[in-house]
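Analysis of the macromolecular model
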Amino acid sequence: DRLQKDKEVIKVLTRLTQTNHRWGFWQSYQQLRLAGYGWNHKRVYRVYCELGLNHKRRTKKRIPNRDRQPLDTPQVPNAVWALDFMSDALYVGRRFRTLNVLDEGTREALAIEIDTSLPGERVVRVLERLCAWRGVPQAIRCDNGPELISKAVVDFCQKMGIAIRYIQPGKPNQNGLIERFNRTYREEVLNAYLFEDLNQVREITADWLIRYNEQRCHDALGGLPPTVFREQQTTKNSTYELST
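Residues numbered from 1 in each chain as written. Predicted model: local features only at pLDDT ≥ 70, side-chain atom pairs only at ≥ 80, totals over all residues. Heavy atoms only, no water.

1. Quick word on the packing of helix α5 (residues 120–134) against helix α6 (residues 151–160)
One way to put it is that α5 packs onto α6 with a least axis distance of 7 Å and a crossing angle of 25°. Taken together, the axes of α5 and α6 lie roughly parallel to each other. Two secondary-structure elements touch here, α5 through Gly120, Glu121, Val123, Val124, Leu127, Glu128 and Cys131 and α6 through Ala152, Val153 and Phe156. Class assignment of the residues belonging to the contact of α5 with α6 gives a composition of seven nonpolar, one polar and two charged. (Axes fitted to C-alpha atoms, helices over the stretch in contact; angles between N-to-C directions. Helix = DSSP H or I, 4+ residues; strand = E, 2+ residues; numbered from the N terminus. Parallel < 35°, antiparallel > 145°, perpendicular 65-115°, else oblique. Contact = heavy atoms within 4.5 Å. Nonpolar A, V, L, I, M, F, W, Y, C, P; charged D, E, K, R; others polar.)

Structural data, given as structure tokens:
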């Protein structure tokens, strides 16, 4: 009887893995050899698997090849929105994330969503809210994070007719406008305060966003704040349409 024959192997292997539950097969087998057991590795591996001790190997999800994304956004609203995540911690050590959304054409920060978890479904809700407020963009630019390549986000963009411009892995410069925004947000908010809770992060961020959009001048916009630039562009486009 195989069970009776392997009784000693089962006993020793079970005792070993109970105290070292993260050891893999070869580490366990080498320990048995050091302890003086001369069982063949094939036999030990068969028992190891029959006991359900083999660990499932975690593999990274392969990211598809992406085309290079040049930063060629026209200076008009809703041409391209850039999305990116950031991470920080409260004073007590609790981690939180932010989802930042930037209108590349006007440099206007449309949203900074803050929470401990921001899955793909949450990203969709943020985009739905922004589309209802600002209209639907022609495209969004983002990296290949799991939330942004999720079925929820892809399906939403297809439904709304929004093109997704995924940057190449390891090329954050292809999303350079929001990377520059992230640096400003980190320097002026995340690194400038010790936050007690998420509500405090949200309140300080909301106040800062108003100043960023309505008061902070941008060289790329001719020295104008984003909201002033957008209003000028909207007025200019309306005047052109009336004249034609």
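2. Overview of the layout of surface pockets
Within this model, the largest pocket holds a volume of roughly 150 Å³. Here the lining of the largest pocket gets four residues from one element, more than from any other, and that element is helix α7 (residues 176–190). Grouping the constituent residues of the lining of the largest pocket by class yields four nonpolar, two polar and three charged. (1 Å grid on protein atoms, 1.4 Å probe; cavity = no way out; pocket = protein on both sides within 12 Å on 5 of 7 lines; lining within 4 Å. Points joined across faces, edges and corners; volume = space filled by probe spheres on them.)

3. Observations concerning a negative patch on the surface
Together, Glu196, Asp197, Glu203 and Asp207 make up a region of like negative charge exposed at the surface. Tracing the sequence through the fold places Glu203 in helix α8 (residues 198–214). Taking relative accessible area as the criterion, Glu203 reaches 54% and is therefore assigned exposed. (Patch = residues over 30% accessible without salt bridge, like charges linked within 9 Å, V, L, I, M, F, W, Y side chains within 5 Å. Areas by Shrake-Rupley, 256 points an atom, 1.4 Å probe, with all protein chains shown as cover. Salt bridge = Lys/Arg side-chain N within 4 Å of Asp/Glu carboxyl O. Lys, Arg positive; Asp, Glu negative; His and termini not counted. Charge placed at Lys NZ, Arg CZ, Asp CG, Glu CD. Buried < 20%, exposed > 50% of the residue type's maximum accessible area, 1.4 Å probe, protein only.)

4. A short note on the sheet that holds strand β1 (residues 80–89)
Within the open sheet, the five strands sit side by side as β3-β2-β1-β4-β5. Their pairing is mixed. Both outer strands of the open sheet, β3 (108–115) and β5 (163–166), are each paired with one neighbouring strand and no more. Neighbour-to-neighbour, the strand axes of the sheet open up by a mean angle of 25°, direction not taken into account. Lying over the sheet, α7 contacts β1, β2 (95–103) and β3, oriented at roughly 35° with respect to β1. Lying over the sheet, α8 contacts β2 and β3, oriented at roughly 175° with respect to β3. (Pairing = 2+ DSSP bridges.)

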